[in-house]
Amino acid sequence: MRKLVRYYLILSVFILSSCGENTDKKSGENTAEEVQTETEVQTSEKNVILFFGNSLTAGMGLEPSEAFPALIQNRLDSLDYDFEVINAGLSGETTASGKNRINWVLNQDVDVFVLELGANDGLRGIPLEETRKNLQDIINTVKEKNPDTKIVLAGMQIPPNMGEEYTSEFRNIFPELAQKNNVALIPFLLEGVAGDPKLNQQDGIHPTARGYKIVANNVWDVLENVIDKKG
(Lines give C-alpha, C1' and ligand atoms only; values in the text may rest on other atoms or scores of the structure.)
Protein backbone atom coordinates (compact mmCIF):
# COMPACT_ATOMS: atom_id res chain seq x y z
CA MET A 1 0.00 0.00 0.00
CA ARG A 2 2.82 2.42 0.85
CA LYS A 3 4.43 1.71 -2.50
CA LEU A 4 1.19 2.49 -4.34
CA VAL A 5 0.75 5.73 -2.38
CA ARG A 6 4.30 6.72 -3.32
CA TYR A 7 3.56 5.86 -6.93
CA TYR A 8 0.39 7.93 -6.94
CA LEU A 9 2.16 10.93 -5.41
CA ILE A 10 4.81 10.77 -8.11
CA LEU A 11 2.16 10.40 -10.81
CA SER A 12 0.33 13.48 -9.59
CA VAL A 13 3.18 15.79 -10.57
CA PHE A 14 3.03 14.42 -14.11
CA ILE A 15 -0.62 15.31 -14.74
CA LEU A 16 0.17 18.03 -17.26
CA SER A 17 2.97 16.21 -19.02
CA SER A 18 1.24 12.81 -18.72
CA CYS A 19 2.86 9.50 -19.43
CA GLY A 20 5.99 9.94 -21.42
CA GLU A 21 6.51 13.39 -22.90
CA ASN A 22 10.28 13.48 -22.87
CA THR A 23 12.93 14.93 -25.13
CA ASP A 24 14.99 11.74 -25.22
CA LYS A 25 14.00 9.84 -28.34
CA LYS A 26 14.19 6.19 -27.41
CA SER A 27 11.75 3.39 -27.99
CA GLY A 28 8.78 5.28 -26.55
CA GLU A 29 9.20 8.45 -28.56
CA ASN A 30 7.90 7.47 -31.98
CA THR A 31 5.53 9.76 -33.80
CA ALA A 32 2.19 8.41 -34.98
CA GLU A 33 3.52 8.33 -38.53
CA GLU A 34 6.56 6.31 -37.45
CA VAL A 35 4.38 3.83 -35.57
CA GLN A 36 2.17 3.49 -38.64
CA THR A 37 5.16 2.87 -40.88
CA GLU A 38 6.65 0.32 -38.51
CA THR A 39 3.34 -1.50 -38.28
CA GLU A 40 3.00 -1.56 -42.05
CA VAL A 41 6.42 -3.11 -42.63
CA GLN A 42 6.17 -5.70 -39.86
CA THR A 43 4.18 -8.28 -41.77
CA SER A 44 4.71 -12.00 -41.71
CA GLU A 45 2.92 -15.29 -42.10
CA LYS A 46 2.83 -15.73 -38.33
CA ASN A 47 -0.19 -14.91 -36.21
CA VAL A 48 0.00 -11.37 -34.89
CA ILE A 49 -0.32 -10.03 -31.34
CA LEU A 50 -0.60 -6.24 -31.46
CA PHE A 51 0.01 -4.15 -28.34
CA PHE A 52 -1.77 -0.80 -28.67
CA GLY A 53 -0.97 1.68 -25.93
CA ASN A 54 1.00 4.64 -24.62
CA SER A 55 4.54 5.05 -23.28
CA LEU A 56 4.11 2.09 -20.92
CA THR A 57 3.71 -0.14 -23.96
CA ALA A 58 6.29 1.72 -26.03
CA GLY A 59 8.90 1.28 -23.28
CA MET A 60 9.84 4.93 -22.86
CA GLY A 61 13.41 5.47 -21.70
CA LEU A 62 14.56 1.95 -22.55
CA GLU A 63 15.69 0.01 -25.58
CA PRO A 64 12.87 -1.64 -27.56
CA SER A 65 14.17 -5.05 -26.51
CA GLU A 66 13.53 -4.19 -22.85
CA ALA A 67 9.87 -3.17 -23.21
CA PHE A 68 7.28 -5.74 -22.17
CA PRO A 69 6.02 -6.51 -25.72
CA ALA A 70 9.54 -7.62 -26.67
CA LEU A 71 9.72 -9.73 -23.53
CA ILE A 72 6.43 -11.35 -24.50
CA GLN A 73 7.91 -12.12 -27.91
CA ASN A 74 10.88 -13.78 -26.20
CA ARG A 75 8.50 -15.86 -24.09
CA LEU A 76 6.50 -16.91 -27.14
CA ASP A 77 9.63 -17.87 -29.05
CA SER A 78 11.01 -19.89 -26.15
CA LEU A 79 7.76 -21.85 -25.94
CA ASP A 80 7.55 -22.33 -29.72
CA TYR A 81 4.37 -20.31 -30.12
CA ASP A 82 3.73 -19.29 -33.71
CA PHE A 83 3.14 -15.58 -33.06
CA GLU A 84 4.74 -12.26 -33.97
CA VAL A 85 4.43 -9.34 -31.55
CA ILE A 86 3.99 -5.78 -32.82
CA ASN A 87 4.58 -2.89 -30.42
CA ALA A 88 2.21 -0.08 -31.45
CA GLY A 89 2.74 1.98 -28.30
CA LEU A 90 2.96 5.77 -28.60
CA SER A 91 4.10 8.05 -25.78
CA GLY A 92 1.52 10.56 -24.56
CA GLU A 93 -1.37 8.65 -26.17
CA THR A 94 -4.84 9.24 -24.76
CA THR A 95 -7.93 7.22 -25.55
CA ALA A 96 -9.07 9.99 -27.91
CA SER A 97 -5.83 10.02 -29.91
CA GLY A 98 -5.78 6.23 -29.81
CA LYS A 99 -9.29 6.18 -31.27
CA ASN A 100 -8.08 8.42 -34.09
CA ARG A 101 -5.03 6.20 -34.70
CA ILE A 102 -6.64 2.78 -34.48
CA ASN A 103 -7.33 2.35 -38.19
CA TRP A 104 -3.65 2.95 -38.96
CA VAL A 105 -2.58 -0.10 -37.02
CA LEU A 106 -5.35 -2.37 -38.23
CA ASN A 107 -4.03 -2.47 -41.78
CA GLN A 108 -3.15 -6.16 -41.43
CA ASP A 109 -4.72 -9.21 -39.85
CA VAL A 110 -4.44 -9.09 -36.06
CA ASP A 111 -5.14 -12.26 -34.10
CA VAL A 112 -4.78 -10.79 -30.60
CA PHE A 113 -5.23 -7.10 -29.78
CA VAL A 114 -3.97 -5.89 -26.38
CA LEU A 115 -5.43 -2.48 -25.47
CA GLU A 116 -3.41 -0.45 -22.95
CA LEU A 117 -4.82 3.07 -22.86
CA GLY A 118 -6.52 5.33 -20.32
CA ALA A 119 -3.79 6.29 -17.87
CA ASN A 120 -3.14 9.63 -19.56
CA ASP A 121 -6.86 10.37 -19.54
CA GLY A 122 -7.01 9.84 -15.81
CA LEU A 123 -3.94 11.95 -15.13
CA ARG A 124 -5.47 14.82 -17.09
CA GLY A 125 -8.87 14.54 -15.45
CA ILE A 126 -10.68 13.80 -18.70
CA PRO A 127 -14.37 13.03 -18.05
CA LEU A 128 -14.80 9.36 -17.27
CA GLU A 129 -17.61 8.83 -19.74
CA GLU A 130 -15.39 10.17 -22.52
CA THR A 131 -12.64 7.72 -21.60
CA ARG A 132 -15.13 4.87 -21.39
CA LYS A 133 -16.69 5.76 -24.74
CA ASN A 134 -13.33 6.04 -26.49
CA LEU A 135 -12.20 2.66 -25.19
CA GLN A 136 -15.52 1.14 -26.25
CA ASP A 137 -15.18 2.70 -29.70
CA ILE A 138 -11.69 1.22 -30.08
CA ILE A 139 -12.98 -2.22 -29.07
CA ASN A 140 -15.87 -1.84 -31.52
CA THR A 141 -13.49 -0.91 -34.33
CA VAL A 142 -11.33 -3.95 -33.70
CA LYS A 143 -14.37 -6.23 -33.68
CA GLU A 144 -15.78 -4.67 -36.83
CA LYS A 145 -12.44 -5.06 -38.61
CA ASN A 146 -12.18 -8.71 -37.66
CA PRO A 147 -14.76 -10.36 -35.37
CA ASP A 148 -12.34 -13.21 -34.73
CA THR A 149 -9.67 -10.99 -33.17
CA LYS A 150 -9.20 -11.79 -29.50
CA ILE A 151 -9.04 -8.68 -27.32
CA VAL A 152 -7.21 -8.19 -24.02
CA LEU A 153 -7.81 -5.04 -21.97
CA ALA A 154 -5.10 -3.79 -19.59
CA GLY A 155 -6.44 -2.24 -16.40
CA MET A 156 -4.90 0.90 -14.91
CA GLN A 157 -5.15 2.95 -11.74
CA ILE A 158 -4.58 6.66 -11.10
CA PRO A 159 -3.57 8.83 -8.12
CA PRO A 160 -6.24 9.92 -5.61
CA ASN A 161 -5.74 13.65 -6.19
CA MET A 162 -8.72 13.71 -8.56
CA GLY A 163 -10.96 12.70 -5.70
CA GLU A 164 -12.08 9.35 -4.36
CA GLU A 165 -15.13 9.08 -6.61
CA TYR A 166 -13.22 9.83 -9.82
CA THR A 167 -10.37 7.50 -8.85
CA SER A 168 -12.69 4.63 -7.98
CA GLU A 169 -14.86 5.02 -11.06
CA PHE A 170 -11.77 5.24 -13.29
CA ARG A 171 -10.45 1.96 -11.89
CA ASN A 172 -13.83 0.33 -12.48
CA ILE A 173 -13.97 1.31 -16.16
CA PHE A 174 -11.67 -1.54 -17.17
CA PRO A 175 -13.35 -4.55 -15.49
CA GLU A 176 -16.75 -3.21 -16.51
CA LEU A 177 -15.74 -2.88 -20.16
CA ALA A 178 -14.10 -6.29 -20.09
CA GLN A 179 -17.27 -7.88 -18.75
CA LYS A 180 -19.54 -5.97 -21.12
CA ASN A 181 -17.52 -6.96 -24.18
CA ASN A 182 -16.55 -10.44 -22.99
CA VAL A 183 -12.82 -9.74 -23.37
CA ALA A 184 -9.89 -10.78 -21.20
CA LEU A 185 -8.67 -8.37 -18.51
CA ILE A 186 -5.25 -7.71 -17.02
CA PRO A 187 -6.46 -6.35 -13.64
CA PHE A 188 -3.59 -3.86 -13.15
CA LEU A 189 -0.77 -3.70 -15.67
CA LEU A 190 1.75 -2.35 -13.14
CA GLU A 191 0.90 -4.74 -10.30
CA GLY A 192 4.03 -5.35 -8.23
CA VAL A 193 5.91 -2.51 -9.94
CA ALA A 194 4.03 0.74 -9.23
CA GLY A 195 5.50 2.66 -6.32
CA ASP A 196 8.71 0.65 -6.02
CA PRO A 197 11.68 2.95 -6.73
CA LYS A 198 13.91 -0.04 -7.46
CA LEU A 199 11.63 -1.06 -10.32
CA ASN A 200 10.99 2.35 -11.86
CA GLN A 201 13.08 4.87 -13.74
CA GLN A 202 13.97 8.24 -12.23
CA ASP A 203 10.60 9.70 -13.21
CA GLY A 204 8.99 7.23 -10.81
CA ILE A 205 6.42 6.23 -13.40
CA HIS A 206 8.00 4.16 -16.15
CA PRO A 207 9.41 0.75 -15.23
CA THR A 208 13.06 -0.15 -15.46
CA ALA A 209 14.16 -3.18 -17.45
CA ARG A 210 13.78 -5.20 -14.26
CA GLY A 211 10.33 -3.74 -13.66
CA TYR A 212 9.24 -4.61 -17.16
CA LYS A 213 10.01 -8.26 -16.49
CA ILE A 214 7.31 -8.16 -13.81
CA VAL A 215 4.95 -6.30 -16.13
CA ALA A 216 5.54 -8.94 -18.80
CA ASN A 217 4.61 -11.63 -16.28
CA ASN A 218 1.40 -9.74 -15.47
CA VAL A 219 0.55 -9.68 -19.16
CA TRP A 220 1.53 -13.29 -19.75
CA ASP A 221 -0.62 -14.56 -16.87
CA VAL A 222 -3.64 -13.45 -18.92
CA LEU A 223 -2.34 -13.75 -22.46
CA GLU A 224 -1.35 -17.40 -22.19
CA ASN A 225 -5.00 -18.29 -21.58
CA VAL A 226 -6.12 -16.31 -24.63
CA ILE A 227 -3.83 -17.72 -27.33
CA ASP A 228 -3.42 -21.16 -28.81
CA LYS A 229 0.10 -22.43 -29.36
CA LYS A 230 -0.27 -22.44 -33.13
CA GLY A 231 -2.67 -19.54 -33.32
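All of these numbers come straight from a predicted model, not from anything done at the bench.

K.L.:
Help me understand the overall build of the protein chain in this model?
P.N.:
Of regular secondary structure, the protein chain possesses 9 helices and 5 strands. Counted over contacts in the protein chain with a minimum sequence separation of 6, partners at least 24 positions apart contribute 79%. Counting only carbon and sulfur atoms, one obtains 48% of the accessible surface of the protein chain, whose full area is about 10600 Å².

K.L.:
Which parts of the structure should I look at to understand helix 5 (residues 95–105)?
P.N.:
An α-helical segment advances 3.6 residues per turn. Residues three or four places apart therefore align on the same side. Those residues of helix 5 not exposed but buried are Thr 95, Gly 98, Arg 101, Ile 102 and Val 105. One side of helix 5 carries all its buried residues, which in axial view fall inside an arc of 140 degrees. In helix 5, the exposed positions that point more than 90 degrees away from the buried face belong to Asn 100 and Asn 103.

K.L.:
How should I be thinking about the pattern of salt bridges in this particular structure?
P.N.:
Opposite charge on two side chains permits pairing when their charged atoms draw close. This structure, assessed with the given rule, holds 6 salt bridges. One salt bridge connects Arg 132 with Glu 129, and the closest N-O pair in it is separated by 3.5 Å. Within this pair, Arg 132 and its partner Glu 129 are both found in helix 7 (residues 128–145), separated by 3 residues, close to a single helical turn. In this structure Arg 132 comes out as partly exposed when scored by relative accessible area, which is 21%. For Glu 129, a relative accessible area of 55% corresponds to the exposed category. A cluster of three or more residues bridged by salt bridges with shared partners is formed by Lys 99, Lys 133 and Asp 137.

K.L.:
In this structure, what is going on with the environment of Asp 137? I would like to understand it.
P.N.:
Looking at the element boundaries, Asp 137 is found in helix 7. Put simply, Asp 137 and Lys 99 are 38 residues apart on the chain and 7.0 Å apart in space, counted from C-alpha to C-alpha.

K.L.:
Whenever I open this one, the nonpolar core confuses me. Can you help?
P.N.:
Inside soluble globular proteins, nonpolar side chains tend to come together where they are buried. One finds Ile 49, Phe 52, Phe 113 and Leu 223 to be the most contacted residues of the largest nonpolar core, which totals 59 residues. When residues of this core are assigned to their parent elements, the largest contribution, 7 residues, is made by helix 9 (residues 209–223). Once residues lying within four places of it in the same chain are set aside, the contact partners of Leu 223 are Ile 49, Phe 51, Ile 72, Val 112 and Val 152.

K.L.:
Sorry, what's going on with the pairing of strand 4 (residues 150–154) here?
P.N.:
Each regular strand carries side chains that alternate between the two faces of the sheet. Within strand 4, 4 of the 5 residues are buried, which leaves the element mostly enclosed by the surrounding structure. Here strand 3 (residues 112–116) runs beside strand 4; their pairing, made up of 4 bridges, is parallel. In the sheet register, Val 112 faces strand 4, and the bridge partner there is Lys 150. Relative to strand 5 (residues 184–186), strand 4 is paired through 3 bridges, and the arrangement is parallel. Bridged to Val 152 within strand 5 is Ala 184. In this view, the connection linking strand 4 to its parallel neighbour strand 5 by way of helix 8 (residues 164–181) has right-handed handedness.

K.L.:
What should I look at first to understand the packing of helix 5 against helix 7 in this one?
P.N.:
Pairs of packed helices are described in terms of their axes, by the angle between the two and the distance that separates them. Contact geometry of helix 5 with helix 7 gives a least axis separation of 9 Å together with a crossing angle of 15 degrees. Looking at the two axes, helix 5 sits roughly parallel to helix 7. You can see that helix 5 and helix 7 cross each other, and the crossing is left-handed. Residues Thr 95, Ala 96, Gly 98, Lys 99, Ile 102 and Asn 103 of helix 5 form the contact with helix 7, whose participating residues are Glu 130, Thr 131, Lys 133, Asn 134, Leu 135, Asp 137, Ile 138, Thr 141 and Val 142.

Cut-offs and rules
Residues numbered from 1 in each chain as written. Predicted model: local features only at pLDDT ≥ 70, side-chain atom pairs only at ≥ 80, totals over all residues. Heavy atoms only, no water. Helix = DSSP H or I, 4+ residues; strand = E, 2+ residues; numbered from the N terminus. Contact = heavy atoms within 4.5 Å. Areas by Shrake-Rupley, 256 points an atom, 1.4 Å probe, with all protein chains shown as cover. Buried < 20%, exposed > 50% of the residue type's maximum accessible area, 1.4 Å probe, protein only. Arc of directions from axis to C-beta. Salt bridge = Lys/Arg side-chain N within 4 Å of Asp/Glu carboxyl O. Core = buried A, V, L, I, M, F, W, Y, C linked by side-chain atoms within 4.5 Å. Pairing = 2+ DSSP bridges. Right-handed = clockwise from strand over helix to strand, strands pointing away. Axes fitted to C-alpha atoms, helices over the stretch in contact; angles between N-to-C directions. Parallel < 35°, antiparallel > 145°, perpendicular 65-115°, else oblique. Left-handed = near helix turned anticlockwise from the far one by under 90°.

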